[in-house]
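Here are the chains, one letter per residue:
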Amino acid sequence: MKRTTAVEVEAGVGDGADSGSPDDVDVRLGSRLAELRAERGWSLGELAERSGVSRSTLSRAERAEISPTAAVLNRLCAVYGRTMSQLLSEVEAEPALLVRAADQQVWQDRASGFVRRSVSPPHAGLRGELVEGRLAAGADIAYDRPPVPGLEQHIWVLEGALAMTVQDVEHRLEAGDCLRLRVWGPTRFRCAGREDVRYLLAVVRP
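Residues numbered from 1 in each chain as written. Predicted model: local features only at pLDDT ≥ 70, side-chain atom pairs only at ≥ 80, totals over all residues. Heavy atoms only, no water.

## Things to note about the overall build of the protein
And step 1. If you tally the helices and strands in the protein, you get 6 helices and 10 strands.
And step 2. Classification of the 206 residues of the protein by burial places 46% in the buried group.
And step 3. Of the contacts made within the protein by residues no fewer than 6 positions apart, 69% connect residues no fewer than 24 positions apart.
And step 4. Looking at the protein as shown, the accessible area adds up to about 10,300 Å², and 50% of this sits on carbon and sulfur atoms. (Helix = DSSP H or I, 4+ residues; strand = E, 2+ residues; numbered from the N terminus. Buried < 20%, exposed > 50% of the residue type's maximum accessible area, 1.4 Å probe, protein only. Contact = heavy atoms within 4.5 Å. Areas by Shrake-Rupley, 256 points an atom, 1.4 Å probe, with all protein chains shown as cover.)

As structure tokens, this is what we get:
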């Protein structure tokens, strides 16, 4: 398998959204990313080699100077063996059994127009989780790998139209449609209509 270089990632995905003043989530996330790297004894250069994300992007994300894009965060999750929900749950103070709608964590990829709501109560040991995704009109996100190989996903479109590409096959989903898949390679989520698309993503670790 060809290893994607940091230069290719920056050309195709971008460094991340420059959020100006960092919010609390970005600060806690950056701190956790730095901890995970330190736990493994990796330098920024080693992590860049493993993830295909440039050293400068990794450094700025750890210092909360930028909010990493969904694609960059997905690469880091793959390196650290976590789903995105698991990583985000680790920056929460205490996991709860019940999370009210108003308290569900919302994370935005400002660069691509992607909004991700963690519906399931957060817990680092989750095997199954529910995530609500929203893509603005024209939004297009490509992931070059799953955070966990063999991850099971069920994608149920609630509003709008979603074009989902898996193994070079594109599936167009309208409101009410559901796609089931196991993720081993690249995937792509694209808003296929003129209005935002909102969908529920059920994720199950193998």
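## Focus on the sheet that holds strand S4 (residues 140–143)
Pairing between the strands of a sheet comes from backbone hydrogen bonds, and it takes one of two forms, parallel or antiparallel.
And step 1. Ordered in space as S4-S9-S6-S7, the 4 strands form an open sheet in which the pairing is antiparallel. Strands with a single pairing partner mark the edges of an open sheet, and in this sheet they are S4 and strand S7 (169–173). Across the sheet, the axes of successive neighbouring strands diverge by a mean angle of 15°, strand direction being ignored. (Pairing = 2+ DSSP bridges. Axes fitted to C-alpha atoms, helices over the stretch in contact; angles between N-to-C directions.)

## Observations concerning the confidence of the model for the protein
And step 1. In this model, the protein carries an average pLDDT of 87, and 87% of its residues clear a pLDDT of 70 or more.
And step 2. Below pLDDT 50 for its whole length, residues 1–15 participates in 29 contacts with residues either more than four positions away or in separate chains. (pLDDT = per-residue confidence, 0-100.)

## Some points on helix H5 (residues 70–80)
And step 1. In terms of residue burial, H5 counts as a mostly covered element, since 9 of its 11 residues are buried.
And step 2. Of all the residues in H5, the buried ones are Ala70, Ala71, Val72, Leu73, Asn74, Arg75, Leu76, Cys77 and Tyr80.
And step 3. The positive-phi residue at the C-terminal boundary of H5 is glycine 81, with phi of around 70°.

## Quick look at the environment of leucine 36
And step 1. Checked against the element boundaries, leucine 36 lands in helix H2 (residues 24–40).
And step 2. Take leucine 36: its relative accessible area is 0%, and that puts it in the buried class.
And step 3. Spatially, the C-alpha atom of leucine 36 lies 7.5 Å from that of tyrosine 80, the residues being 44 residues apart in sequence.
And step 4. If sequence neighbours within four positions are ignored, leucine 36 has contacts with Tyr80, Arg82 and Leu87.

## Observations regarding the sheet that holds strand S8 (residues 178–183)
And step 1. Strands sit in the order S1-S2-S3-S10-S5-S8 across an open sheet of 6 strands; the sheet is antiparallel. Unpaired on one side and paired on the other, strand S1 (106–109) and S8 mark the two borders of the sheet. On average, adjacent strands in this sheet sit at an angle of 25° to one another, irrespective of strand direction.
And step 2. Sheet analysis places S1 next to strand S2 (residues 114–118), joined by 4 bridges and oriented antiparallel. Paired with glutamine 108 across the two strands is valine 115, which belongs to S2.

## Thoughts on the pattern of salt bridges
And step 1. Under the defined criterion, the tally for this structure stands at 17 salt bridges.
And step 2. Between glutamate 39 and arginine 40 there is a salt bridge, with the nearest N and O atoms lying 3.8 Å from each other.
And step 3. Overlapping salt bridges bring together Arg32, Glu35, Glu39, Arg40, Arg82 and Glu90 as one network. (Salt bridge = Lys/Arg side-chain N within 4 Å of Asp/Glu carboxyl O.)

## Side note on the packing of helix H3 (residues 44–51) against H5
And step 1. For the pair H3 and H5, the least separation of the axes is 9 Å and the interaxial angle reads 100°. For the element pair H3 / H5, the angle class is roughly perpendicular. Between H3, through Leu47, Arg50 and Ser51, and H5, the contact on the second element is made entirely by Arg75, Leu76, Val79 and Tyr80. (Parallel < 35°, antiparallel > 145°, perpendicular 65-115°, else oblique.)

## Side note on the nonpolar core
And step 1. Formed by 43 residues in total, the largest nonpolar core has its most connected members in Leu135, Ile155 and Tyr199.
And step 2. The greatest single-element share of this core, amounting to 6 residues, is contributed by H5.
And step 3. Setting aside residues up to four positions removed in sequence, isoleucine 155 forms contacts with Leu162, Met164, Leu173, Asp177, Cys178, Leu179, Leu181, Phe189, Tyr199, Leu200 and Leu201. (Core = buried A, V, L, I, M, F, W, Y, C linked by side-chain atoms within 4.5 Å.)

## Details of the pairing of strand S9 (residues 187–191)
And step 1. Alternating residues of S9 divide into Thr187, Phe189 and Cys191, all buried, and Arg188 and Arg190, none buried.
And step 2. Of the strand pairs in this sheet, S4 and S9 are connected by 4 bridges, and their pairing is antiparallel. Across the sheet, alanine 142 pairs through a bridge with arginine 188, a residue of S9.
And step 3. For strand S6 (residues 162–166) and S9, the ladder comprises 5 bridges, and the chain directions are antiparallel. Bridge pairing in S9 places threonine 165 opposite arginine 188.

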